[in-house]
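Overview (structure and organization)
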Amino acid sequence: MLAPDSLPNPLGLLAELTHRCPLGCPYCSNPLALDKRSDELDTATWARVFHEAAGLGVLQVHLSGGEPAARRDLAAIVKAAREAGLYSNLITSAVGLTSQTLNTLADAGLDHVQISIQDSEEKSADHIAGYDGASTRKRALAAEVVKLGLPLTVNMVVHRANIARVEAMVELALSLGASRIEIAHVQYYGWALKNRAALMPTREQVEQAVAQVETLRKKHHGQIVIDAVVPDYYARFPKPCVGGWGRRSLNVTPAGKVLPCHAAEVIPELEFWNVREHSLGDIWRSSPAFNAFRGTDWMQEPCKSCALKEKDFGGCRCQAFLIAGDARAADPVCHLSPHHAMVEQLAAVREDIPYNYRHI
Ligand code: FES
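Residues numbered from 1 in each chain as written. Predicted model: local features only at pLDDT ≥ 70, side-chain atom pairs only at ≥ 80, totals over all residues. Heavy atoms only, no water.

**Side note on unusual backbone geometry**
Cis geometry is found at the peptide bond from Gly65 to Gly66, where omega equals 10 degrees. Residue Glu301 is joined to Pro302 through a cis peptide bond whose omega torsion reads 10 degrees. Within the secondary structure, Pro302 sits in the loop between helix H11 (288-292) and helix H12 (309-312). The phi angle at Ala94 is positive, at roughly 70 degrees, despite the residue not being glycine. (Helix = DSSP H or I, 4+ residues; strand = E, 2+ residues; numbered from the N terminus.)

Put into structure tokens, the structure is as follows:
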């Protein structure tokens with residue numbers, strides 16, 4: 001818990017508009033228990049949440065899902081974000097989003113589009129997404145985004161089936177006119193845990209991909225920004241997950257629960273507040289879930305006496321719970337964690353088995 005005068009302002013809001021999605025990605029980051037369509041927040045509540053977020057200091061709203069285009073009121077939601085003064089980023093699969101709808105969204109004030117592309121090879125991309133023809137539709141929509149003059153980010157989730165094609169993905173993003181590519185290795189929470197053995201790359205593959213990203217950054221400097229989320233399981237130190245718990249961002253679920261990170265519901269002891277009953281400011285300042293791991297008082301050894309505790313904040317709380325069984329433990333990916341050997345054992349389990357697709 002931090003003293004009220006040292007509480008930072010959040011910068012980003014992830015608005016999970018719906019859990020509905022046409023794709024079946026084996027690494028889906030949505031929770032295992034999905035919110036029903038009938039429980040989704042309405043347009044007016046989202047508009048209020050955006051105004052409250054702007055009042056808290058939030059600058060950007062990421063309109064996410066599921067597939068946000070499954071919402072018929074998406075243009076009204078984009079307009080509400082613009083009226084609240086937020087920079088809006090649409091995170092889309094591009095499946096189910098027509099060029100006509102995209103035009104309407106641009107007119108409503110949309111600022112940026114991020115399209116997930118599963119692989120540079122179309123057949124493999126469709127296989128990973130569990131949706132025939134997805135890749136063609138994604139490329140076509142990317143062209144429309146660029147034609148409208150909207151900045152485009154391509155998101156590539158990396159795992160064993162596509163890790164050899166990081167360079168080809170950057171080339172594809174360039175050819176589509178993207179100004180940024182996000183290369184994010186699978187994080188093993190939620191549905192991805194069910195497919196961990198089928199998705200896990202080898203250490204050699206990961207080291208090669210990380211080195212390749214550095215080379216590509218130099219090669220394409222000034223042409224495209226390459227952001228990379230490093231793979232946890234082969235790291236020596238943990239990542240400062242979500243920039244530190246309750247420090248930089250909020251996630252609002254389709255039904256209005258506010259989470260400090262997208263996976264926080266895996267930690268059973270946490271109590272989340274809902275925007276239907278509380279203002280976003282109250283939730284940020286006072287909700288039990290946001291205060292659970294703020295600051296450093298909650299830490300155990302080796303984090304408690306670690307020189308990096310204000311830099312990595314002990315790593316990821318969700319991963320600590322999922323692997324060590326204790327959300328207050330050091331993230332087991334840290335080589336100083338007493339549970340680190342478990343991460344090495346889990347990374348060594350790789351099986352060429354069919355994906356367990358997520359059909360929603
Ligand atoms: Fe929840 Fe890392 S995903 S803290």
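**Quick notes on the nonpolar core**
Counting residues in each nonpolar core, the largest one holds 85 residues, and the members touching the most others are Leu13, Phe50 and Leu280. Here Phe50 is in contact with Leu13, Ala15, Val61, Leu63, Ile77, Ala80, Ala81, Ala84 and Leu86, once residues within four sequence places are set aside. Core analysis: the next-biggest nonpolar cluster, separate from the first, contains 20 residues, Tyr189, Trp245, Leu259 and Ile267 among them. (Core = buried A, V, L, I, M, F, W, Y, C linked by side-chain atoms within 4.5 Å. Buried < 20%, exposed > 50% of the residue type's maximum accessible area, 1.4 Å probe, protein only. Contact = heavy atoms within 4.5 Å.)

**Quick look at the environment of Asp312**
Position of Asp312 relative to the elements: it lies in helix H12. Assessed through its relative accessible area of 10%, Asp312 is described here as buried. Taking the C-alpha atoms as reference points, Asp312 and Tyr189, 123 residues apart in sequence, are found 19 Å from one another. Among the polar contacts listed, one links the side chain of Asp312 to the backbone nitrogen of Gly314, at a separation of 2.9 Å. (Polar contact = N/O pair within 3.5 Å; in protein donor to acceptor, adjacent residues only side chain to side chain.)

**Topic: a nonpolar patch on the surface**
Together, Phe237, Leu308 and Leu336 make up a nonpolar patch on the protein surface, roughly 250 Å² of accessible area in all. The topology assignment puts Phe237 in the loop between strand E7 (225-229) and strand E8 (249-252). On the basis of relative accessibility, which here comes to 41%, the residue Phe237 falls in the partly exposed class. (Patch = residues over 30% accessible without salt bridge, like charges linked within 9 Å, V, L, I, M, F, W, Y side chains within 5 Å. Areas by Shrake-Rupley, 256 points an atom, 1.4 Å probe, with all protein chains shown as cover. Salt bridge = Lys/Arg side-chain N within 4 Å of Asp/Glu carboxyl O.)

**Comments concerning the packing of helix H2 (residues 74-83) against helix H3 (residues 99-108)**
Two numbers describe how H2 lies on H3: the axes approach to 8 Å, and their chain directions differ by 20 degrees. Viewed along their axes, H2 and H3 adopt a mutual orientation that is roughly parallel. The interaxial crossing formed by H2 with H3 has right-handed handedness. Judged by residue contacts, Leu74, Ala75, Val78, Lys79 and Arg82 of H2 engage Thr104, Leu105 and Ala108 from H3. Along the lines of polarity and charge, the residues of the contact of H2 with H3 split into five nonpolar, one polar and two charged. (Axes fitted to C-alpha atoms, helices over the stretch in contact; angles between N-to-C directions. Parallel < 35°, antiparallel > 145°, perpendicular 65-115°, else oblique. Left-handed = near helix turned anticlockwise from the far one by under 90°. Nonpolar A, V, L, I, M, F, W, Y, C, P; charged D, E, K, R; others polar.)

**Comments concerning the sheet that holds strand E5 (residues 152-158)**
Overall, mixed pairing links the nine strands, which are arranged E7-E6-E5-E4-E3-E2-E1-E8-E9 in an open sheet. Only two strands of the sheet have a single neighbouring strand rather than two, namely E7 and strand E9 (258-259). Most of the contacts of helix H1 (residues 43-56) go to strand E1 (residues 12-16), to which it runs at about 170 degrees, and overall it touches E1, strand E2 (60-64) and E8. (Pairing = 2+ DSSP bridges.)

**As for the pairing of E8**
Burial of E8 is two-sided: the residues Ser249 and Asn251 facing one way and the residues Leu250 and Val252 facing the other way are all buried. Alignment of E1 against E8, held across four bridges, turns out to be parallel. Paired with Ala15 across the bridge in E8 is Val252. As judged from the two bridges shared by E8 and E9, these two strands associate in the antiparallel manner. By the bridge assignment, Val252 is partnered in E9 with Val258.

**Some details on the side chain of Asn251**
Positionally, Asn251 belongs in strand E8. By relative accessible area, Asn251 is classed as buried at 6%. Ignoring any residue separated from it by four or fewer positions in sequence, one finds Asn251 in contact with Leu14, Glu16, Lys257, Val258, Leu259, Cys261 and His262.

**Quick word on empty space enclosed by the protein**
Counted according to the given criterion, the structure contains four cavities of 30 Å³ or more. The volume enclosed by the largest cavity comes to roughly 90 Å³. Taken together, Phe237, Pro238, Pro302, Cys303, Cys306, Leu308, Lys309, Asp312, Gly314, Ala330, Cys334 and Leu336 make up the full set of residues lining the largest cavity. In this model, the second largest cavity occupies a volume close to 80 Å³. Taken together, Cys241, Val242, Gly244, Trp245, Cys261, Phe293, Trp298, Phe313, Gly315, Cys316, Arg317 and Cys318 make up the lining of the second largest cavity. Tallied by class, residues from the lining of the second largest cavity come to nine nonpolar, two polar and one charged. (1 Å grid on protein atoms, 1.4 Å probe; cavity = no way out; pocket = protein on both sides within 12 Å on 5 of 7 lines; lining within 4 Å. Points joined across faces, edges and corners; volume = space filled by probe spheres on them.)

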